[in-house]
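# Remarks on the overall topology
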Amino acid sequence: MSFKASTTTSSLEKSFFLQNFYKHCMHKLIAPLMAQTTGDSITKDTSSNAILLSHILDILSFCVESHTYHIKNYILNKNLLARVLILMKSMHSHLALAALRFCRRIVGLKDELYNCYIIKNDLFAPIIKAFEANGCKYNLLNSAIIELFEYIRHEDIKLLVEYFVERFSNLIEVVDYVRTFKNLRLRHEQELDRIENGENEQSQIQQGTIHGLDRYRPDPHAICDEEEEKWFNDEEESVAPLEESVHSISSTLLSSTPPASLPGAPSMSSSFFESIDVPFLHPTTHLASFPSSFIGSPRPPIKIKPINFEQKLSVSPALQSLVEYDDEDSDEEDTSQETASPAKKQRLEVSLET
């Protein structure tokens, strides 16, 4: 019978099954265990009972691993771990190892409730008695007990480390062929030092905070200076990236090759862009200073003669004759008179005489 619900079973069905199992079936499963551990010793330590109890402990170990909530309540309510550790006194080593394995599974969960339960009922005492009874024999039971306490040290389960060092200090001095128990004491001392140093630092911080409130008063001028310096630093940091970006763009334009020219147009290489030097335009600047390639094809330079604006303007006689409109009118009148008819002349003379 499997106690682990299948993947197709819903969580509600699993909870319902476990609740019924621990309510109606668990007490029947552990009945032989409870019957053999009524006192401080095993009632009948026979081989058949040892095999039966060993199988029951394997099932309980599986429950500890799979049914955390239900088995925890059952162990705490029935004081089941204390009854199991009585089997450490059995003369059958496989039964003692099964009991130790059950305890190892519980410690491996690192549950604070389990740890407090072990400390309250002094449940390491049967394990240490079995270790002392085994003596210096290098066997599986000895190695399994040492591995249990090595795991506690490695995982730094503080409650169990403190409990073991304070409760079984005499064992630490006796056992010297392994350093597991001495390392447990060293770990406990380090933890005490850390707690003491932490309390000292906390008290110093609190004292420094209390006394420092009255002594330290910030200077307002120093605060203003710091704010001004910070403002200037921020402005310099904002200007510097702009200058770097302008410099990078200019260098990119100078180093880049020009686009391909249109068909028939003269080719312009990168040296052309480097040779361009646009001068400052002045009235006296002539166009010959520009390269001929700038306007497409070679042409003769066009020279623009500078004009002296201070020189007085002198009008030539030809220009003066062009503006004497009165003389021209008179000449026209003369020619018109010459070309007039004789009758017209006579009328004109008559009018003049009168």
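Residues numbered from 1 in each chain as written. Predicted model: local features only at pLDDT ≥ 70, side-chain atom pairs only at ≥ 80, totals over all residues. Heavy atoms only, no water.

Turning our attention to the overall build of the chain. When helices and strands are counted, the chain shows 18 helices and zero strands. Every one of the 354 residues in the chain was classed for burial, and the buried ones make up 24%. Counting contacts in the chain only where the partners sit at least 6 residues apart, residues at least 24 apart contribute 66% of the total. Total accessible area computed for the chain in this model is approximately 25900 Å², and 57% of it derives from carbon and sulfur atoms. (Helix = DSSP H or I, 4+ residues; strand = E, 2+ residues; numbered from the N terminus. Buried < 20%, exposed > 50% of the residue type's maximum accessible area, 1.4 Å probe, protein only. Contact = heavy atoms within 4.5 Å. Areas by Shrake-Rupley, 256 points an atom, 1.4 Å probe, with all protein chains shown as cover.)

This part covers the pattern of salt bridges. Counted under the stated rule, the structure contains eleven salt bridges. Note that Glu147 and Arg104 form a salt bridge whose closest N and O atoms lie 3.2 Å from each other. With Glu147 in helix α10 (residues 140–155) and Arg104 in helix α7 (residues 93–108), the pair connects residues that are 43 residues apart, well separated along the chain. Using a relative accessible area of 37% as the deciding quantity, one classes Glu147 as partly exposed. Two residues, Arg194 and Glu191, come together in a salt bridge whose shortest N-O distance is 2.6 Å. Here Arg194 and its partner Glu191 are both found in helix α13 (residues 180–215), three residues apart, which amounts to about one turn of the helix. Several salt bridges converge on common partners, so that one network encompasses Asp156, Lys158 and Arg187. (Salt bridge = Lys/Arg side-chain N within 4 Å of Asp/Glu carboxyl O.)

What follows deals with unusual backbone geometry. Unusually for a residue other than glycine, Lys110 sits at a positive phi of about 55°. Note on placement: Lys110 falls in the loop between α7 and α8 (112–120). For Asp122, which is not a glycine, the phi torsion comes out positive at approximately 50°. Along the chain, the position of Asp122 falls in the loop between α8 and α9 (125–134).

The next thing to look at is the packing of helix α4 (residues 47–66) against α7. Contact geometry of α4 with α7 gives a least axis separation of 9 Å together with a crossing angle of 10°. Relative to α7, the element α4 is oriented roughly parallel. Residues Ala50, Ile51, Leu53, Ser54, Leu57, Asp58, Leu60, Ser61, Phe62, Val64 and Glu65 of α4 form the contact with α7, whose participating residues are His94, Leu95, Ala98, Ala99, Arg101, Phe102, Arg105 and Ile106. Across the contact of α4 with α7, the residue classes tally to twelve nonpolar, three polar and four charged. (Axes fitted to C-alpha atoms, helices over the stretch in contact; angles between N-to-C directions. Parallel < 35°, antiparallel > 145°, perpendicular 65-115°, else oblique. Nonpolar A, V, L, I, M, F, W, Y, C, P; charged D, E, K, R; others polar.)

Along the polypeptide, Asn142 turns up in helix α10. The exposure class of Asn142 is buried, given its relative accessible area of 2%. Within polar-contact distance, the side chain of Asn142 engages the side chain of Tyr177 at 3.1 Å. The residues touching Asn142, leaving out its near neighbours within four places in the chain, are Phe131, Asn134, Gly135, Lys137 and Tyr177. (Polar contact = N/O pair within 3.5 Å; in protein donor to acceptor, adjacent residues only side chain to side chain.)

The final tally for this structure, using the stated rule, is eleven aromatic pairs. Taking 5.4 Å as the distance between ring centres and 40° as the angle between the ring planes, the aromatic pair formed by Phe124 and Tyr163 counts as tilted. Of this pair, Phe124 sits in the loop between α8 and α9 while Tyr163 sits in helix α11 (residues 158–167), and the two are 39 residues apart along the sequence. Per residue, the accessibility class of Phe124 equals that of Tyr163, and both read buried. Grouped by ring-pair contacts, the aromatic residues Phe124, Phe131, Phe149, Tyr163, Phe164, Phe168 and Phe181 constitute a single cluster. (Phe/Tyr/Trp six-rings, centres within 6.5 Å; stacked < 30°, edge-to-face > 60°.)

This next bit is on α10. End to end, α10 covers 22 Å across 16 residues, agreeing with the expected 22 Å (1.5 Å per residue, within 8%). Looking at α10, one finds that the buried residues are Leu141, Asn142, Ile145, Ile146, Leu148, Phe149, Tyr151, Ile152 and Arg153. (Expected span 1.5 Å × (residues − 1).)

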